[in-house]
Protein chains: 2
Amino acid sequence: MTTDRLRELLKEKGLKVTPQRIVIFEAVVNLKNHPAVENIIEYIKIKHPNISIGTVYKVLDSFVENGLLKKVKSENDIMRYDAVLHHHHHLYCATTDRIEDFEDPNLDKLINDYFRKKKIKSFNIKNITLQITGEFNNK
Amino acid sequence: MTTDRLRELLKEKGLKVTPQRIVIFEAVVNLKNHPAVENIIEYIKIKHPNISIGTVYKVLDSFVENGLLKKVKSENDIMRYDAVLHHHHHLYCATTDRIEDFEDPNLDKLINDYFRKKKIKSFNIKNITLQITGEFNNK
DNA sequence: CTTGGTAAAGATAATAATTCTCCTTTAGGA
DNA sequence: TCCTAAAGGAGAATTATTATCTTTACCAAG
């Protein structure tokens, strides 16, 4: 996502466009690989050592609330953030704690069709995400 | 799981059978619905007010390490524990934070077959778990 | 361009959750 | 029964996050 697009989005949501918000958003985008707050703060501190930690938490929260970022449940208990908003799954490496995005429209169709036929009793499905754990091979 | 079975498992893993471990394990089993540490401590305190909190954390950790319990991450980020060890999925209610187990061998077969045909490049799948988010209807 | 109201940022204290340290107790094999 | 390593207890320390209060600066209106 471009900075201009972010500016638009913030305005749409009635959020002020501040340099901190732009920097924090770019951090999440640039870091890729689903950074934790810790990583984000680290990254930001290099070029912007005066952004306060509280601000980072507040900004990330408001981004999630407003749908500009998503939270990712990792295997161990720290929260991580994702700038990829469209529906996708995650590959988790248990040993390295790496998380990669995984998209597969065919698989989604398969699963959706399955649940269209066989509903879950007394539960309305909003979203289905696969947690695929395993090991990355090479590299 | 019975207490006797727990005793066996602890011995197999080379862990000492202590009253604290038994109490903590039973708490997770009895509480069902994937208790958080908080709930477990609460529950234990009633009958065993002198078990220390540090012990609860240590015991839960060692149970997870030794495969006697599994961790589940809830919608609002807190870690919760599950005594159901066989493969199953979870229904997450975003509003009430309730987590229910969901088993469906047919679905598992469908997904496994899918990935048997279409491998993921440079990733060996160990386990696939569905995070099904939505709303419970009635009750 | 200036200004003023208000949302957001900064600093820091407070809280909550978890881990650590150190010392004591205990399980369980010899 | 004794010995020893493992485990438990108490509370300090650490870490992550949230809350509070003050200051700053975005941005809309004039």
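Reading the values: the criteria
Residues numbered from 1 in each chain as written. Chains lettered and ligands numbered in written order. Predicted model: local features only at pLDDT ≥ 70, side-chain atom pairs only at ≥ 80, totals over all residues. Heavy atoms only, no water. Phe/Tyr/Trp six-rings, centres within 6.5 Å; stacked < 30°, edge-to-face > 60°. Buried < 20%, exposed > 50% of the residue type's maximum accessible area, 1.4 Å probe, protein only. Domains from an automatic or database assignment. Contact = heavy atoms within 4.5 Å. Buried area = accessible area lost by both parts, 1.4 Å probe. Salt bridge = Lys/Arg side-chain N within 4 Å of Asp/Glu carboxyl O. Helix = DSSP H or I, 4+ residues; strand = E, 2+ residues; numbered from the N terminus. Nonpolar A, V, L, I, M, F, W, Y, C, P; charged D, E, K, R; others polar. Lys, Arg positive; Asp, Glu negative; His and termini not counted. Polar contact = N/O pair within 3.5 Å; in protein donor to acceptor, adjacent residues only side chain to side chain. Core = buried A, V, L, I, M, F, W, Y, C linked by side-chain atoms within 4.5 Å.

Novice: Honestly, the packing of aromatic side chains in this entry has me stumped. Any pointers?
Specialist: How two aromatic rings sit relative to each other is given by the distance of their centres and the angle of their planes. Taken as a whole and judged by the stated rule, the model has 8 aromatic pairs over all chains. Relative to A:Phe115, the ring of A:Tyr114 has its centre 5.4 Å away and its plane inclined at 90°; by these criteria the two rings are edge-to-face. Judged by relative accessible area, which is 14%, A:Tyr114 ranks as buried. Judged by centre distance (4.8 Å) and plane angle (70°), the rings of A:Phe136 and B:Phe123 are edge-to-face.

Novice: Explanation requested: the domain arrangement of chain A in the structure shown.
Specialist: Interface size is commonly expressed as the accessible area that is lost once the parts come together. All names here are of chain A. The domain boundaries assigned to chain A delineate domain 1 (3-82) and domain 2 (89-134). Between domain 1 and domain 2, the contact holds 9 residues from the first and 9 residues from the second. For the pair domain 1 and domain 2, the summed buried surface comes to about 780 Å²; carbon and sulfur atoms form 42% of the total. Linking domain 1 with domain 2 are 0 salt bridges. Those elements giving two or more residues to the side of domain 1 that touches domain 2 turn out to be strand E1 (70-73) and strand E2 (79-82). Of the residues contributing to the side of domain 1 that touches domain 2, the split by class is 1 nonpolar, 4 polar and 4 charged.

Novice: Would you take a moment to explain the side chain of B:Asp82 for this structure?
Specialist: Residues and elements named next belong to chain B. Considering the arrangement of structural elements, one finds aspartate 82 in strand E2 (residues 79-82). For aspartate 82, which is buried and forms no salt bridge, the nearest opposite charge comes from lysine 70, at a distance of 6.5 Å. Within the local environment of aspartate 82, its side chain forms a polar contact with the backbone nitrogen of valine 84, the two atoms lying 2.9 Å apart. Once residues within four sequence positions are removed from consideration, aspartate 82 is found in contact with Val28, His34, Leu69, Lys70, Val72, His88, His90 and Asp101.

Novice: I'm lost on the nonpolar core in this one. Help?
Specialist: Proteins that are soluble and globular tend to have nonpolar side chains buried together. With 26 residues, the main nonpolar core has A:Phe115, A:Leu130, A:Ile132, B:Phe115, B:Leu130 and B:Ile132 as its most contacted residues. Taken together, the elements giving at least two residues each to this core come down to strand E3 (89-93), helix H5 (105-117) and strand E5 (123-136) of chain A together with strand E3 (89-93), helix H5 (105-117) and strand E5 (123-136) of chain B. Apart from the residues lying within four places of it in its own chain, the contact partners of A:Phe115 are A:Ile120, A:Ile125, A:Ile128, B:Phe102, B:Leu107, B:Leu130 and B:Ile132. If you look at the next biggest cluster of nonpolar residues, it comprises 23 residues, including A:Ile22, A:Ala27, A:Ile40 and A:Val59.

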